[in-house]
Each structure stands twice: as structure tokens, then as C-alpha cells.
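The chain contents come next:
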Amino acid sequence: MGALKIRVLGKNQPYLSTLDAMQTFTQQRSEEAVDELWVLEHEPVFTLGRNGQMEHVLDAGAIPVVKVDRGGQVTYHGPGQLIIYLLIDVRRLNLGVRELVMKIEQSIIKLLAKHQIEAAGDREAPGVYVEGKKIAALGLRVSRGKTYHGLSLNVNMDLKPFKRINPCGYAGLEVLQCRDLGIEETPMELAGELAILLAQELGYQQVEWLAD
């Protein structure tokens, strides 16, 4: 299926400038442009999807709330959470959005299985769950056959901000993280495993790593 660039942006990335960069990349890319994954951790932020309702933000406090153009409701991003944004041409991959979501979920499920953790997706509420608790969230935007936004995997972070929202619009939804399950790797260490699993799931044959 061709080549994929994996761009490691690193820790403490501001949300708004990253969003602007994704939108600019997607608007300006040519039909021949190589697809990219962006790997990073964000500064603390709540993000509210296109149809998101502020009533699901219970107590933002000092954490900014940003309305964004992805699907889904409200979620939290912060240090210790692995973010992988998918800047890909789904028409070139011949993928529908539902199929893409399932492939993203499957790559996370396979990552956790490598660490002896059984996880599952949920057709009604996209994401990945371990014993009913959410460990990974998904949100995508498709524009002219090109996607941006992507996935977040809770690795080793402060989970308390999730108590200040209804995660993904579900009151009382519990979240957990890899560290709770005995996985000791950092977000950037797990990024190496997950990005490769994602590339394989999507059918890329050639991967190039880039560090910004």
C-alpha cells in the first residue's frame, strides 16, 4: 500500500498549534503526498467534538476547553497519554470510516495483547475497553477523503481530570491506564510498538521514522 511517515513530535505539545498544523497539512497536501502519523503528548486540555455538548464538561477549572472539528463528545488530553494523529488518504487506502475505526481499535487491542491484557472495542461507543473501563479514545475528521485527529491511549497520567467530564458523553464512564495494568513503558516507548501495529493494520509496506 505504499509508504508511511511516522513523525515524533514529543512531549508537551500545545493543542491549538498542533490542530492548526494538522488542518494546514490536510488542506495543502497533494494527491501524491505520503501519509503520516504524528506521535506526541499534549499539555492538559479538554476537547469537545463537533456535536459535543458543554453539559458534559462538569468542572473544567483551569484546564482549557477547546471546540474541535472531530467526531465524538468531550475527552481529556494531558502528559502521560500517548496521542497518535492519522493524517492519511482513506480513498487511496480504499477504507470507509467505520473500517478505519475498527483497524485503529484492533491495533490498540493487539498492543495490549502483547502485554497480556485482554481488551475489546465497542461498536456503539468507539474506543478500546478493558473490563468495561475505557483505556483509549478515538476521534476523526474526514475532509475530501483525507483524515486527521486520531487516537489517545492512557499510559501513565493523572486520571483525575476525567472525573471533571462525562468521558465521551457517558456519565460515570470509568477510565484506566496502562500503568494500572502493570505495563511499565512510557508513552513514547509504547508509541514505537503501536505505530508499527497501526501501519501493519492499515497495510503500509514502508515506514520512515522522523523526529522533529
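Right, let's walk through the structure included here. Owing to the predicted nature of the structure, the values given are computational and were not obtained by experimental measurement.

**A look at the overall build of the chain**
Consideration 1: Helix and strand content of the chain: 4 helices and 11 strands.
Consideration 2: Against the globule reference of 17 Å for 212 residues, the chain gives a C-alpha radius of gyration of 16 Å, in line with a compact fold.
Consideration 3: Overall, the chain is about 45 × 35 × 35 Å in size when its C-alpha atoms are taken along their principal axes.
Consideration 4: Taken over 212 residues, the chain has a buried fraction of 54%.

**Details of the sheet that holds strand β3 (residues 45-48)**
Consideration 1: Read across the open sheet, the 3 strands follow the order β4-β3-β5; overall the sheet is mixed. The open sheet is flanked by β4 (65-67) and β5 (74-77), the only strands paired with a single partner. Ignoring which end each strand starts from, the neighbouring axes of this sheet average 25° apart.
Consideration 2: As paired elements, β3 and β5 share 4 bridges and run antiparallel to each other. Paired with Thr47 across the strands is Thr75, a residue of β5.

**As for the sheet that holds strand β2 (residues 35-42)**
Consideration 1: Strand order across the open sheet formed by 8 strands is β7-β8-β9-β10-β6-β2-β1-β11, with mixed pairing between neighbours. The outermost strands of the open sheet, each flanked by one partner alone, are β7 (120-121) and β11 (206-211).
Consideration 2: Bridging between β7 and strand β8 (residues 128-130) involves 2 bridges; their strand directions are antiparallel. Its bridge partner lying in β8, Ala120 is registered against Tyr129.
Consideration 3: Across the face of the sheet, helix α3 (residues 97-114) comes into contact with β6 (81-87), β7, β8, β9 (133-143) and β10 (146-154) while running at roughly 145° to β9.

**Considering α3**
Consideration 1: Over its 18 residues, α3 extends 26 Å from the first C-alpha to the last, a length consistent with the 26 Å expected when each residue adds 1.5 Å.
Consideration 2: Buried within α3 are the following residues: Leu100, Val101, Ile104, Glu105, Ser107, Ile108, Ile109, Leu111 and Leu112.
Consideration 3: Looking at the residues trailing α3, positive phi occurs at Gln116, about 60°.

**Overview of empty space enclosed by the protein**
Consideration 1: This structure, assessed with the given rule, holds 1 cavity of 30 Å³ or more.
Consideration 2: Roughly 60 Å³ of volume is contained in the largest cavity.
Consideration 3: Forming the boundary of the largest cavity are Thr75, Gln81, Lys134, Ile135, Ala136, Ala137, Ser152, Asn154, Phe162, Pro167, Cys168 and Val175.
Consideration 4: Elements with a minimum of two residues in the lining of the largest cavity: β9 and β10.
Consideration 5: A per-element tally of the lining of the largest cavity places β9 first, with 4 residues.
Consideration 6: Counted by class, the lining of the largest cavity contains 7 nonpolar, 4 polar and 1 charged residues.

Criteria and cut-off values
Residues numbered from 1 in each chain as written. Predicted model: local features only at pLDDT ≥ 70, side-chain atom pairs only at ≥ 80, totals over all residues. Heavy atoms only, no water. Helix = DSSP H or I, 4+ residues; strand = E, 2+ residues; numbered from the N terminus. Rg over C-alpha atoms; globule rule 2.2 N^0.38 Å. Buried < 20%, exposed > 50% of the residue type's maximum accessible area, 1.4 Å probe, protein only. Pairing = 2+ DSSP bridges. Axes fitted to C-alpha atoms, helices over the stretch in contact; angles between N-to-C directions. Contact = heavy atoms within 4.5 Å. Expected span 1.5 Å × (residues − 1). 1 Å grid on protein atoms, 1.4 Å probe; cavity = no way out; pocket = protein on both sides within 12 Å on 5 of 7 lines; lining within 4 Å. Points joined across faces, edges and corners; volume = space filled by probe spheres on them. Nonpolar A, V, L, I, M, F, W, Y, C, P; charged D, E, K, R; others polar.

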